[in-house]
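Observations on chain architecture
This is what each chain is made of:
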Amino acid sequence: MSLSESSTPVVLCIMDGVGLGPKGDGNAVHLANTEVIDQLLAGQSPVGGDCFALDGGLAAHGLAVGLPSDEDMGNSEVGHNAMGAGRIVRQGAGLVDDGISSGAIYEGDLWRDLCAGETFHFIGLLSDGNVHSHEDHLHALIKRAAADGVKKVRVHALTDGRDVSGRSALTYFARLEALFESLRSDSFDCRVASGGGRMFMTMDRYGADWEMVLRGWRCHVLGVGERFLSASDAVRELYERDESVNDQWLPGFVVTDDSGEPNGIIKSGDSVLFFNFRGDRAIEISRAFENRGCGFDYPEPPPNLRCFAGMMSYDGDDHVPQRYLVNPPVIDDTLGQRMAASNRRSFVVAETQKFGHVTYFFNGNRSGYINESLEKYVEVPSDNVPFETAPAMKAVEVTEAACAAVLSGGWDHVRVNLANGDMVGHTGDMGATITAMEVVDDCVSGLLSATAKAGGVFVLTADHGNADEMFQWNSKKGDYKFDEDGGTLVSTAHSKNRVPFVVVDFSGRYKLLVEVDDKEELGLPSIGSTILKMCGVAVPAGWSRPLVTRR
């Protein structure tokens, strides 16, 4: 059924980072006053319509979204990929695992070119979070570089504290240094060259803060930063100076030799590999190294590198970077493509921090419009301030734009991302995250009311958990983790909890497939097939089963 026959939009509201976690003192979603969300999760709508909530929600991590194992937490990239693809697609971490284990990534000219640089530099996130990178990949690449005759390796390590525990950097540096000790010889020199927090430098996304990338550039390339004799010395000293700082925000530092000179600035003739596999926070630094649309003025002329590459292609349409080791997942025949091919009109809105997720990632890692005559993408610029200081973010403005689209009668599908639960949840600030969730609740209420007025269908879900688990959770014990003094340990990472799936139908056309067996197996890919079905578009063979059926 097309819009010309019925003005009943299908509204998909993605509450970013809002999972179904255990109700307790560490769950900001539970602690917040979220009257509307609570009613919807209970299968009740405050404004009428047929409301049904899937008991237990949808899986949003691990195998259900194409990650290597169920030990891998979900993230916004794979979550939106999965919803837009409508079926499980093998994701970046698994593809890198395959390339390393098979040796395929070492077989082409690119690896040989990287090894031919005077110094082989590795830049990326040093942790085992497996969201942007994994330390195992870095270790394997360094081992292979040594085996292939590379003489000098330098690592520029971004500390995590977001996808892993807030102050865990020393663990990862210790393991990296142990690897160096096992490999170091008269013919192979390997050291950490620089470091700093992932939210302080280098890993900006969506052009939100190019100054952040410049800080990383100055540290990695020019050796600008406080100097220490080792990365571990740097982290310990920075911890001691500020008990509140976690690894995300560590200031940039430079590791030196015994004379105090930086031991690994990036020079002409060197090679650089950015070893993150996830794209959103890798694009800007890649543009800077390739001198392609860099958003800052270079402090000095950039080095003439022997070779620059990414672990994967971070933006396939713009070819960033131009060279990469592992081919990205090919996601074709997406929800967006199916909608456009069926002449359905889609309106998509989010603020800057998540705009790429509801467009680029949702559309199968594809930049730009699928069919601009049938689509409208609206980006509400995010404020460049710490999220805990402004937990409302731009949710109200995003919601206003979405509601206007719903009420316009001009769109078959309206897709909106509310970023607060994830971005504020990552700060670890419980009070701010509770406030963020209350803002989200108000926005959900507004979207629900607009959909009711339009006689449409409202779908509420999330891409992964975060705000639902603000303290570290011990799944084996079914309780929070505690420090030596009995205090709860703050979590700034995503959770592995399932996420909501609620439908409120004001058209009277649909019912939930409550008879679906194996609800434990249902995951985010079912979102894509469900939206297609409700927009009157045939669900392709091989897609996950829709979660609604016609009455």
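Placed above this text is the structure.
Attention here is on the structure that accompanies the text. This is a predicted model, so every value here is computed, not measured.

Rules used throughout
Residues numbered from 1 in each chain as written. Predicted model: local features only at pLDDT ≥ 70, side-chain atom pairs only at ≥ 80, totals over all residues. Heavy atoms only, no water. Pairing = 2+ DSSP bridges. Helix = DSSP H or I, 4+ residues; strand = E, 2+ residues; numbered from the N terminus. Axes fitted to C-alpha atoms, helices over the stretch in contact; angles between N-to-C directions. Phe/Tyr/Trp six-rings, centres within 6.5 Å; stacked < 30°, edge-to-face > 60°. Buried < 20%, exposed > 50% of the residue type's maximum accessible area, 1.4 Å probe, protein only. Contact = heavy atoms within 4.5 Å. Parallel < 35°, antiparallel > 145°, perpendicular 65-115°, else oblique. Left-handed = near helix turned anticlockwise from the far one by under 90°. Nonpolar A, V, L, I, M, F, W, Y, C, P; charged D, E, K, R; others polar.

1. A closer look at the sheet that holds strand β17 (residues 501-505)
Ordered by their spatial adjacency, seven strands build an open sheet running β2-β17-β14-β1-β13-β11-β12, and the pairing between neighbours is mixed. Each edge of the sheet is formed by a strand with only one pairing partner; in this case those strands are β2 (50-53) and β12 (375-380). Averaged over all pairs of adjacent strands, the angle between their axes in this sheet comes to 10 degrees, without regard to strand direction. With four bridges connecting them, β2 and β17 associate as antiparallel partners. The partner of C51 across the bridge, within β17, is V504.

2. Quick notes on the packing of aromatic side chains
For the structure on display, the rule yields 15 aromatic pairs. Their ring planes at 15 degrees and their centres at 4.3 Å tell us that F120 and F122 sit as a pair that is stacked. Exposure remark for F120: the relative accessible area of 0% places this residue in the buried category. Note on F122: relative accessible area 0%, which makes it buried. Between W217 and F289, the aromatic rings sit 4.8 Å apart at their centres with planes inclined by 50 degrees, giving tilted as the arrangement. With W217 in helix α8 (residues 210-222) and F289 in helix α10 (residues 283-290), this pair connects stretches of sequence that are 72 residues apart. In this pair, the class of W217 matches that of F289, namely buried.

3. Quick notes on the sheet that holds strand β7 (residues 253-255)
Here we have eight strands laid out as an open sheet, ordered β6-β7-β5-β4-β3-β8-β9-β10, and mixed in their pairing. Each end of this open sheet is capped by a strand with a single partner; those strands are β6 (226-228) and β10 (324-326). Each adjacent strand pair in this sheet contributes to an overall mean axis angle of 20 degrees, direction not counted. Packed on one face of the sheet, helix α4 (residues 92-102) meets β9 (307-312) and β10 and runs near 115 degrees to β9. On the sheet, α10 packs against β3 (120-125), β8 (271-274) and β9 and is oriented at approximately 160 degrees with respect to β9.

4. Topic: the environment of G48
Locating G48 in the fold gives a position in the loop between α2 (35-41) and β2. The exposure class of G48 is partly exposed, given its relative accessible area of 31%. Through-space distance from the C-alpha of G48 to that of T435 is 27 Å; in sequence the pair is 387 residues apart. Excluding residues within four positions of it along the chain, G48 makes contact with V504 and F506.

5. Brief notes about the packing of helix α6 (residues 135-147) against helix α7 (residues 169-183)
The N-to-C vectors of α6 and α7 enclose an angle of 15 degrees; their axes lie 11 Å apart at closest approach. In terms of orientation, α6 and α7 fall into the roughly parallel class. As for the relative orientation of α6 and α7, their crossing is right-handed in sense. Within the contact between the two elements, α6 uses E135, L138, H139, I142 and K143 and α7 uses Y172, R175, L176, L179, F180 and L183. Here the contact of α6 with α7 is built from residues that sort into seven nonpolar, one polar and three charged.

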